[in-house]
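# Commentary on secondary and tertiary structure
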Amino acid sequence: MDQINFSDQYFMKQAFIEAEKAFQKEEVPVGAIVVCEGQIISRAHNLTETLNDVTAHAEMLAITSASEFLGGKYLNQCTLYVTLEPCTMCAGALNWAQLKRLVFGANDEKRGYERCSPVLTHPKTEITKGIMEEECKEIIQRFFRKKR
């Protein structure tokens, strides 16, 4: 396994730990981390129910935390790892943050930005998908089975 794949696997596992925290809180289990220069600078998971805030998606919370850590609004040297494909709101925020790289696990076939607005991400953002796809998809499916 080459270094990039090892890195992506490691960091997606860290995002998955955040998704598990959301699952335990009965939140839609999505987790995200932001990495800059090989260091995790923010961690977040969905908190829409806890905060009663429709914008409290894992990505939005991770962006805010990373920006505070860096002391600036641009994440153009950062990678966001997220367990589920971002929605259009989150993809728009990532565009404004000028994210360098987006890595996501499972596609969101209903509300993902690729289906709704595929050109929403910043033109310079590199996108990698399918890292830990099965695990990321399974936790979402398990959550919604439990809810029904």
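As the structure is a computational prediction, the values presented were derived from the model and not from experiment.

Looking now at the packing of aromatic side chains. Applying the stated criterion across every chain, the model contains four aromatic pairs. With a centroid separation of 6.1 Å and an interplanar angle of 70°, the aromatic rings of Phe 23 and Phe 143 are classed as edge-to-face. Pair noted here: Phe 23 is in helix α1 (residues 3-24) and Phe 143 is in helix α6 (residues 133-147), with a separation of 120 residues, a long-range link. Between Phe 143 and Phe 144, the aromatic rings sit 5.0 Å apart at their centres with planes inclined by 85°, giving edge-to-face as the arrangement. Chaining the aromatic ring pairs together yields one cluster made of Tyr 10, Phe 11 and Tyr 81. Lying across the ring of Phe 23, Arg 142 places its NZ or CZ 4.7 Å from the centre.

Moving on, we get to the UniProt feature "active site" (unreviewed entry) in the protein chain. Summarizing the sequence annotation, UniProt attributes the feature "active site" (unreviewed entry) to Glu 59 in the numbering used throughout. Within the fold, Glu 59 resides in helix α3 (residues 58-70).

A few words now on the environment of Thr 48. Structurally, the position occupied by Thr 48 is in helix α2 (residues 48-51). For Thr 48, a relative accessible area of 19% puts it in the buried group. Considering only alpha carbons, one finds Thr 48 and Thr 121, 73 residues apart in sequence, at a separation of 23 Å. Every residue in contact with Thr 48, bar those within four places of it in the chain, is listed here: Glu 27, Asp 53, Val 54, Ala 56 and His 57.

Next up on the list: the nonpolar core. Of all hydrophobic cores here, the largest spans 40 residues; its most connected members are Met 12, Leu 80, Tyr 81 and Leu 102. When contributions to this core are tallied by element, the ones reaching two or more residues are α1, β1 (31-36), β2 (39-45), α3, β3 (78-84), α4 (88-96), β4 (101-106) and α6. If one sorts the elements of this core by residue count, α1 sits on top with six residues. In this structure Leu 80 touches Ala 32, Ile 33, Val 34, Glu 59, Ala 62, Leu 94, Leu 99, Arg 101, Leu 102 and Val 103, once residues within four positions along its chain are discounted.

Turning our attention to the UniProt feature "binding site: Zn(2+)" (unreviewed entry) in the protein chain. On the UniProt side, "binding site: Zn(2+)" (unreviewed entry) is annotated at positions that read His 57, Cys 87 and Cys 90 here. A compact arrangement is adopted by the annotated residues: their sequence extent is 34 residues, whereas the largest C-alpha distance between any two is 9.3 Å. Look past the residues within four positions of His 57 in its chain and what remains in contact with it is Asn 46, Thr 48, Cys 87, Met 89 and Cys 90. Of the polar contacts made by the side chain of His 57, one reaches the backbone oxygen of Val 54; its length is 3.3 Å. When you line up the elements, Cys 87 lands in the loop between β3 and α4.

What counts and how
- Residues numbered from 1 in each chain as written.
- Predicted model: local features only at pLDDT ≥ 70, side-chain atom pairs only at ≥ 80, totals over all residues.
- Heavy atoms only, no water.
- Phe/Tyr/Trp six-rings, centres within 6.5 Å; stacked < 30°, edge-to-face > 60°.
- Helix = DSSP H or I, 4+ residues; strand = E, 2+ residues; numbered from the N terminus.
- Lys NZ or Arg CZ within 6 Å of the ring centre and 35° of its normal.
- UniProt positions renumbered as here; feature names shortened; annotations may be inferred.
- Buried < 20%, exposed > 50% of the residue type's maximum accessible area, 1.4 Å probe, protein only.
- Contact = heavy atoms within 4.5 Å.
- Core = buried A, V, L, I, M, F, W, Y, C linked by side-chain atoms within 4.5 Å.
- Polar contact = N/O pair within 3.5 Å; in protein donor to acceptor, adjacent residues only side chain to side chain.

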